Amino acid sequence: KDEVAAISFYKKLTDANLAGQQYLNIYQYLAEYYSKNKDEANLTALLEKGKTLYPADDYWTEFELDRISKSGDKTALIAKYEELMKKYPEKYTYPYNLSVEMYNDLYTGDDRPANPGAVKNKLTETLKFAIPLDKGIDAKMLMTRHLYNAAYDLQDSSKKIKGTKPADIKLRNDLKAMVVKKIDECIPYAEGVIAYYAAQPTLKP
């Protein structure tokens, strides 16, 4: 239970650049230790070494994402996800998790983005990237929820226009048309979700 002594011996092993699978947990333990103790210099060096010695292990990427997420810097987190999407275009988790971040910003938090229209478009495109990579239904389900909520927002905006001037009437009708278009876009994804669940022999409650 002498963590300081344990760390000193672990560091001797990582300083020797031992790279067998049996040593991976030592690098991971040190990463957690340095992070907990806010030792940025040692942590940065260790993360670089870990990525070099164990490039196929997702731990290092997930660790970095978690650090950025905990920092509260949404811009940096989105930039990191986009970087990983370009680097690993075959991996589903990065576009999907980025989509979840944007969805939550748009529809679940009190602090909504200043440019919701741009974020909605970006979310749609990101989900279109994630859906073909998804072996399940989560991405298609999220797209269904996103497009339905986007249609609801348009409908809500339409209802708020109470004026009777020609410009008001035109804007209200334009928004109603956009609602229909958004629902038409949503329906195929919703039908795909229904088909997926209908084909399951058993379902969790």
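Quick caveat: nothing in here was measured; it's all calculated off a predicted structure.

Draft legend 1. Region of the structure containing the pattern of salt bridges. With the rule as written, the count across this model stands at 17 salt bridges. For D15, the salt bridge identified is with K11, shortest N-O distance 3.3 Å. Residue D15 and its partner K11 are located together in helix α1 (residues 3-15), separated by four residues, close to a single helical turn. For D15, a relative accessible area of 46% puts it in the partly exposed group. A salt bridge links K182 to E185; the shortest N-O distance between them is 3.6 Å. Of this pair, K182 and E185 both sit in helix α9 (residues 166-198), three residues apart, which is roughly one turn of the helix.

Draft legend 2. Focus on the side chain of H146. Mapped onto the fold, H146 is located in helix α8 (residues 138-159). Excluding residues that lie within four positions of it along the chain, H146 makes contacts with Y103, Y107, K120, L123, T124 and L127.

Draft legend 3. Seen up close, the nonpolar core. Membership of the largest hydrophobic core comes to 25 residues, with the highest contact counts inside it found for L123 and A139. Only α5 (74-87), α6 (93-107), α7 (116-130), α8 and α9 provide two or more residues apiece to this core. Here this core gets seven residues from one element, more than from any other, and that element is α6. Core analysis: the second largest hydrophobic core is formed by 14 residues, L43, L46, Y54 and Y59 among them.

Draft legend 4. Spatial organisation of α5. Spanning 14 residues, α5 covers 20 Å between terminal C-alpha atoms, matching the ideal 20 Å at 1.5 Å per step. Those residues of α5 lying buried are L77, K80, Y81, L84 and M85. For α5, the buried positions fall inside an angular range of 140° around the axis, keeping them on one side. Opposite the buried face of α5, at more than 90 degrees from it, the exposed residues are T75, K86 and K87. Its side-chain oxygen 3.3 Å from the backbone nitrogen of T75, D73 forms the N-cap of α5.

Draft legend 5. Region of the structure containing the side chain of T126. Along the chain, T126 falls in helix α7. Since its relative accessible area comes to 7%, T126 is described here as buried.

Draft legend 6. Layout of the packing of aromatic side chains. Enumeration over the complete set of coordinates arrives at nine aromatic pairs. Judged by centre distance (5.5 Å) and plane angle (65°), the ring pair of Y27 and Y54 falls under edge-to-face. Of this pair, Y27 sits in helix α2 (residues 24-36) while Y54 is found in the loop between α3 (40-53) and α4 (59-71), placing the two residues 27 residues apart along the sequence. Look at Y59 and W60: their rings are 5.0 Å apart centre to centre, the planes differ by 90°, and that puts the pair in the edge-to-face class. Here Y59 matches W60 in class, with each residue buried. An aromatic cluster of at least three residues, connected via ring pairs, comprises Y59, W60 and F63.

Cut-offs applied
- Residues numbered from 1 in each chain as written.
- Predicted model: local features only at pLDDT ≥ 70, side-chain atom pairs only at ≥ 80, totals over all residues.
- Heavy atoms only, no water.
- Salt bridge = Lys/Arg side-chain N within 4 Å of Asp/Glu carboxyl O.
- Helix = DSSP H or I, 4+ residues; strand = E, 2+ residues; numbered from the N terminus.
- Buried < 20%, exposed > 50% of the residue type's maximum accessible area, 1.4 Å probe, protein only.
- Contact = heavy atoms within 4.5 Å.
- Core = buried A, V, L, I, M, F, W, Y, C linked by side-chain atoms within 4.5 Å.
- Expected span 1.5 Å × (residues − 1).
- Arc of directions from axis to C-beta.
- Polar contact = N/O pair within 3.5 Å; in protein donor to acceptor, adjacent residues only side chain to side chain.
- Phe/Tyr/Trp six-rings, centres within 6.5 Å; stacked < 30°, edge-to-face > 60°.

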